[in-house]
Structures are given as structure tokens and as C-alpha cells.
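Listed below are the residues making up each chain.
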Amino acid sequence: IAQALVERFGYIGIFLIAFFIGLNLFLPVPAATFTPIFISAGFSLPGIIITLILGATLADSIGYLIGVGGRHITRHTSPALQKKIESFALERRAWLTPFVFLFSAFSPFPNEVIVIPLALMGIRFRTIFIPLLLGTVLYEGVLAYGATTAFHYFF
């Protein structure tokens, strides 16, 4: 499916793969693992990595909006719980930036695993955007380069 999408739609296909895989919480397969397929279709590694980053970042933004929606529901249905969640976030604010960066850079799980709860806690997206983006750049870059190198090494 990935190969057909890329052959038909080019970089937009790579973007769609990264976006839908980024939203998938149940089957965490990184989009960058398909990099050898993308390269065999004739795309450049830097272009692939940039497209993967854009797709993953859009998926993270959608995940954040899902968390904001959950926050509004929680605020109206259980205000006491929402206060506890927000106070928990305030007490650990100093750890937020390094945690978001390290999770998005080194965790094999989709970023929505942390983005949705952070939105529920009332953390603003602009607070987590830069560490999330930098972690995604590192993750996608290393994984795409590593997948390509491993493919060339073993095949």
C-alpha cells in the first residue's frame, strides 16, 4: 500500500502515510521504516525526512486538538477531576520540555500518547511545539537514515 501511494502521489503519498501512521495509536509502526521503499521510488532522503516530519507534526496537532476536546468534556462533566489534572501538570512543569523532547525523539510510540494527555492537562501547544518538533526531527531523521543504511547493508 505504501509503495502504491508513493508511486501514485509522490511526496503527498509519503505525507499521507506519515500522517495516518502518526495518528495510529494501536499499531505503532514508524513511517520512516518505509524509507527504503520511498528511495526505491526515486525520492531523495532529505525530501523524505522533511515530508515525514511534516506529516507527523500535523498528526501531533490533530492529537492535541483531540485532547483539548477531552479537556472541555472533562471540565463540564467532572470539574474536580479537571482541577486535579491541572494541578498535577503545574507541579511538574519544569520537567515538561525535556520529557516531550526525549519522548518524541527516542520513544517508538506515537507522540499522541503524550500530546493528548498534555492537552487534557491544559498545557498550551506552543509550550510543547518546539521540543516536540525537535524530537520528531531527530527521530524521523535517525530512523530514516538508519533504515536506508540497514537496507543497503543487508540487501
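Structure: see above.
Residues numbered from 1 in each chain as written. Predicted model: local features only at pLDDT ≥ 70, side-chain atom pairs only at ≥ 80, totals over all residues. Heavy atoms only, no water.

Chemist: What's the story with the packing of aromatic side chains in this structure? I'm lost.
Modeler: Two descriptors summarise a pair of aromatic rings, namely the distance from one centre to the other and the angle between the planes of the rings. Following the criterion strictly, the structure yields 5 aromatic pairs and no others. Look at Tyr11 and Phe43: their rings are 4.7 Å apart centre to centre, the planes differ by 65°, and that puts the pair in the edge-to-face class. Residue Tyr11 is located in helix α2 (residues 11–23), and its partner Phe43 is located in the loop between α3 (35–40) and α4 (45–77); the two are separated by 32 residues in the primary sequence. Given a relative accessible area of 33%, Tyr11 falls into the partly exposed group. Arranged with centres 5.0 Å apart and planes meeting at 55°, the rings of Tyr64 and Phe125 form a pair that is tilted. Here Tyr64, found in helix α4, pairs with Phe125, found in helix α8 (residues 125–154); they are 61 residues apart in sequence, far enough to count as distant. You can call Tyr64 buried: its relative accessible area is 12%. Within the aromatic cluster, the residues linked to one another by ring pairs are Tyr64, Phe125 and Phe129. (Phe/Tyr/Trp six-rings, centres within 6.5 Å; stacked < 30°, edge-to-face > 60°. Helix = DSSP H or I, 4+ residues; strand = E, 2+ residues; numbered from the N terminus. Buried < 20%, exposed > 50% of the residue type's maximum accessible area, 1.4 Å probe, protein only.)

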